[in-house]
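Results of the structural survey
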Amino acid sequence: MTIHRLTMLLGKVVPAILFGALFLGVWEWAVKFFELKPYFLTAPSSIWQQFTTNFALIRGAATVSGTNALVGLVAGTVLGVAMSFVLSRFGFLNQLITPLAVALNAIPIFVLVAVLNNMYSITSEIPRRIMVTLVVYFIVLVNVARGLTQVSPTHVELMRSYAASDVAILRKVRIPNAVPFLFTSLKIAAPAAVITAFVSEYFGGSQNGLGSRISSNIANSKNAAAWAYVLAACLLGLLFYTVSVAMESLNRKGGVKQ
Amino acid sequence: MTAVSVRNVSKVFNQGKPNQVDALSNVALDVKQGEFVSLIGPSGCGKSTLLRLVANLLEPTSGEVTVNGKTAAQARLDQDYGMAFQQAGLFDWRTVRKNIELPLELKGWDKQQRSARADEMLQLVQLPEFGDHYPWQLSGGMQQRIAIARALAAHPPLLLMDEPFGALDEMTREYMQGELLRICAATGTTVVFVTHSIPEAVYLSNRVVVMSPRPGRITKVVDVSLGGERNEDTRNRTAFFEAITAVREGLRGMHAAHVGLGNDDR
Ligand SMILES: Nc1ncnc2c1ncn2[C@@H]1O[C@H](COP(=O)(O)OP(=O)(O)O)[C@@H](O)[C@H]1O
Ligand SMILES: [Mg+2]
């Protein structure tokens, strides 16, 4: 079984790596061949060179943005789960808030960070964290509330036939039903948290995260350095996404149908 | 003693609204202890509604339902019945064993008692080696047997079943009918069984209750004189065909009247 899964994994990973290598090769070649100016397009080799020489700085910036994303992700998840319980308990609230949450998800609410920035000191990370929290909160809220309410009618009838209390139905039907919804929402919320953390940095505050470093390097025409920070941003997003996917598959191993 | 007594029960959904439905009108039915009674009739004639009234998942608009001499509400609180539906309704996140133990958990049984009873029920439905599997690893027929095991786990005197074999193929279905009779004979359980299939109703039942729609009511009760012992030969006996004919005539008489009504409406 493990051998089989290994070959399947290789079958997926090898073509992706080959394609990535080919893409980078063509990019590198095109920059050299057409003698493109660095402000137009920078060669992968010089981006990588910037990435390694500035690694300590980049890691510092990634830690700042990553911490903001992580704090917001945890806070938003906790608040979203808590609120989803309230919503599922009071159906009418659900009908009021779910459309609102969906609408808020559709507009780029991170511009709110400009307002939040005015409320805190200029060096505070709190506005960015609040912003991430808000974005994560609505994603988690909508999904988990759905998991708590969209349970099989047969299951609810069965529980009622056992004279089960509402609390028992919550514990034995609604919560287990909502767990996969939580992990799905985390898979959406984790990359969104990272993106929100970067974008929030464009609206002022300390110039210490990946987002502000990207914009300041571009402002100083240091394109290769900016790209090196972009690379770090991609890696950070990938890290958050990978962890959330791993958590979901660990949960699946607990026995829920694939 | 009567296991189920339904007296002059009517059920109206959405009373007074434009979408009012007279789901049941003046229904009376007594089911004796140990008896197997089937409800048969076209869709919408109120079979499921009648079963849910007995289960106290619905309240009658008028009339009275008693189960084992108690009100239906009290019988539900005492878990005097087990229930099975067309969907097995097993919980995907619980093992087969944990599914069977669910009603016992809700009764507050301790772990050892529950585990012992789950073993007993797995033996009863002849799936002892599947306790640690998850439901989705089982075939439809096996899932339905686990659902029956769960319904009977607390040893209720009454089993209420709403088209439990409706989603199974014909072969599995006949096998499950035999299994159900064997299980009921072993446990002495009274059964009220909703079905669409005339042979299924006749093969399983002591009595077949024929219902008709708009408003839902009982139009005929067919006594099946096949005795207690039923096996594959039962399906070839004259009494089997006679009962099938009697049920079919009950349904057909109503169908003719029903078509007539439909024409009048237009
Ligand atoms: N909760 C409900 N609200 C409104 N109408 C209902 C409800 N449940 C059943 N009905 C209606 O009552 C009638 C009988 O339904 P049901 O008992 O499910 O029939 P059967 O099980 O015989 O197919 C149908 O017309 C159905 O639409
Ligand atoms: Mg029905």
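Residues numbered from 1 in each chain as written. Chains lettered and ligands numbered in written order. Predicted model: local features only at pLDDT ≥ 70, side-chain atom pairs only at ≥ 80, totals over all residues. Heavy atoms only, no water.

What follows covers the overall build of chain A. Counting its secondary structure elements, chain A contains 10 helices and zero strands. Order of helices (α) and strands (β) in chain A, N terminus to C terminus: α-α-α-α-α-α-α-α-α-α. Dimensions of chain A, computed from the C-alpha atoms along their principal axes, are close to 75 × 55 × 30 Å. Buried residues in chain A amount to 39% of all 258 residues. Of all intrachain contacts in chain A linking residues separated by at least 6 positions in sequence, the fraction that spans at least 24 positions is 72%. Of the roughly 14300 Å² that chain A leaves accessible, carbon and sulfur atoms contribute 73%. Between the centroid of the 19 positive side chains of chain A and the centroid of its 7 negative side chains there is a distance of 7 Å. (Helix = DSSP H or I, 4+ residues; strand = E, 2+ residues; numbered from the N terminus. Buried < 20%, exposed > 50% of the residue type's maximum accessible area, 1.4 Å probe, protein only. Contact = heavy atoms within 4.5 Å. Areas by Shrake-Rupley, 256 points an atom, 1.4 Å probe, with all protein chains shown as cover. Lys, Arg positive; Asp, Glu negative; His and termini not counted. Charge placed at Lys NZ, Arg CZ, Asp CG, Glu CD.)

All names here are of chain B. Around ligand 1, the surrounding shell consists of Phe-13, Asn-14, Val-21, Ala-23, Ser-43, Gly-44, Cys-45, Gly-46, Lys-47, Ser-48 and Thr-49. Within the backbone of Gly-44, an N or O atom sits 2.8 Å from an oxygen atom of ligand 1. Sort the elements by how many residues they give to the shell around ligand 1 and helix 1 (residues 47-54) lands first, with three residues. (Near = heavy atom within 4 Å. Polar contact = N/O pair within 3.5 Å; in protein donor to acceptor, adjacent residues only side chain to side chain.)

Once that is clear, we can look at the confidence of the model for chain B. Taken as a whole, chain B shows an average pLDDT of 90; of its residues, 95% reach a score of 70 or greater. What the predictor reports for the complex is a pTM of 0.83 with an ipTM of 0.85. (pLDDT = per-residue confidence, 0-100.)

Our next topic: the environment of A:Trp227. Residues and elements named next belong to chain A. Its location among the elements puts Trp-227 in helix 10 (residues 223-253). Overall, the relative accessible area of 33% leaves Trp-227 in the partly exposed class. For the pair Trp-227 and Ala-43, spaced 184 residues apart in the sequence, the C-alpha separation amounts to 9.8 Å. The residues contacting Trp-227, other than those within four sequence positions of it, are Trp-27, Thr-42 and Ile-47.

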